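Each chain, letter by letter, is given below.
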Amino acid sequence: MIRPSWDEYFMEITHLVARRSTCIRRKVGAVLVKGRNILATGYNGAPSGVGHCLDVGCLRERLAVVSGERHELCRGLHAEQNAIIQAAKHGTNINGSTIYSTTMPCIICAKMLINAGIERIVYEDGYPDQLAEEMIAEAGIEVLRFSSPGITGEVS
């Protein structure tokens, strides 16, 4: 058995986290890491105490909203947002950390990650958001698109 690299280890954990997602369209997991320690995790889904899309249906699907557009037309929070919120809720400093995510952050998440002081983004699947990529690059955040034969990129 080959021991996984740190990036592979944390990316595998993002897939486990994504399995908790309540989104009908896309299951995303995110893990905030600093000094090889997990600080917080997040998956996409409705806020605590609010009906999940699995239960009440998907507004974006009903309105035929294209992926990457009209983020405000959704009951859910993105995985990256939930990871940041969990860290804040528990008083965990994420400045200088790395975020591992199954999907490249959108522009809303990118702006939050920039202001939270994230230094590195490791993601697996692309996302159609050119502005997010431009702002992340402008902010000087290191970005790595991860691929490993041991990770399929699909969550069932």
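Going by the structure above, here's the rest.
The structure displayed is predicted, hence computed values, not measured ones. (Residues numbered from 1 in each chain as written. Predicted model: local features only at pLDDT ≥ 70, side-chain atom pairs only at ≥ 80, totals over all residues. Heavy atoms only, no water.)

Caption draft 1: How the structure looks around the nonpolar core. Counting residues in hydrophobic clusters, the biggest one holds 24 residues, and the most contacted among them are Leu32, Ile94, Ile99, Leu113, Ile118, Ile121 and Ile136. Residue assignment for this core shows that the elements contributing at least two residues are strand S1 (29-34), helix H4 (79-89), helix H5 (107-116), strand S4 (120-125) and helix H6 (130-138). For this core, the element with the most residues is H5, which contributes 5 residues. Residues contacting Ile94, with those up to four places away along its chain left out, are Leu32, Leu39, Ile84, Ala87, Ala116, Gly117 and Ile118. Met11, Val33, Tyr100 and Val122 belong to the second largest nonpolar core, which has 9 residues in total. (Core = buried A, V, L, I, M, F, W, Y, C linked by side-chain atoms within 4.5 Å. Buried < 20%, exposed > 50% of the residue type's maximum accessible area, 1.4 Å probe, protein only. Helix = DSSP H or I, 4+ residues; strand = E, 2+ residues; numbered from the N terminus. Contact = heavy atoms within 4.5 Å.)

Caption draft 2: Structural view of the pattern of salt bridges. Per the counting criterion, the structure on display carries 3 salt bridges. With a shortest N-O distance of 2.8 Å, Asp7 and Arg120 are connected by a salt bridge. Of this pair, Asp7 sits in helix H1 (residues 6-18) while Arg120 sits in strand S4, placing them 113 residues apart in sequence. Here Asp7 matches Arg120 in class, with each residue buried. The partner of Arg120 in a salt bridge is Glu142, with the nearest N and O atoms 3.4 Å apart. Linking Arg120 in strand S4 with Glu142 in strand S5 (residues 142-145), this pair joins segments that are 22 residues apart in sequence. Judged by its relative accessible area of 17%, Arg120 is buried. What emerges from the salt-bridge pattern is a single network uniting Asp7, Arg120 and Glu142. (Salt bridge = Lys/Arg side-chain N within 4 Å of Asp/Glu carboxyl O.)

Caption draft 3: Quick look at the environment of Ala116. Tracing the chain through its elements places Ala116 in helix H5. Here the alpha-carbon distance between Ala116 and Ser147, two residues 31 residues apart in the chain, equals 26 Å. With sequence-adjacent residues up to four places away left out, Ala116 is seen in contact with Ile94 and Asn95.

Caption draft 4: Summary view of the environment of Gln81. Secondary-structure assignment places Gln81 in helix H4. Sequence separation between Gln81 and Leu113 is 32 residues, and the spatial gap between their C-alpha atoms is 8.6 Å. If we ignore the near neighbours within four places in the chain, the residues touching Gln81 are Ile108, Cys109 and Met112. Among the polar contacts made by the side chain of Gln81, one reaches the main-chain amide nitrogen of His78 at a distance of 2.9 Å. (Polar contact = N/O pair within 3.5 Å; in protein donor to acceptor, adjacent residues only side chain to side chain.)

Caption draft 5: Quick peek at the packing of H5 against H6. The N-to-C vectors of H5 and H6 enclose an angle of 15°; their axes lie 8 Å apart at closest approach. Relative to H6, the element H5 lies roughly parallel. In the packing of H5 onto H6, the handedness of the crossing is left-handed. Of the residues in H6, those in contact with Ile107, Ala110, Lys111 and Ile114 of H5 are Leu131, Ala132, Met135 and Ile136. Here the contact of H5 with H6 is built from residues that sort into 7 nonpolar, no polar and 1 charged. (Axes fitted to C-alpha atoms, helices over the stretch in contact; angles between N-to-C directions. Parallel < 35°, antiparallel > 145°, perpendicular 65-115°, else oblique. Left-handed = near helix turned anticlockwise from the far one by under 90°. Nonpolar A, V, L, I, M, F, W, Y, C, P; charged D, E, K, R; others polar.)

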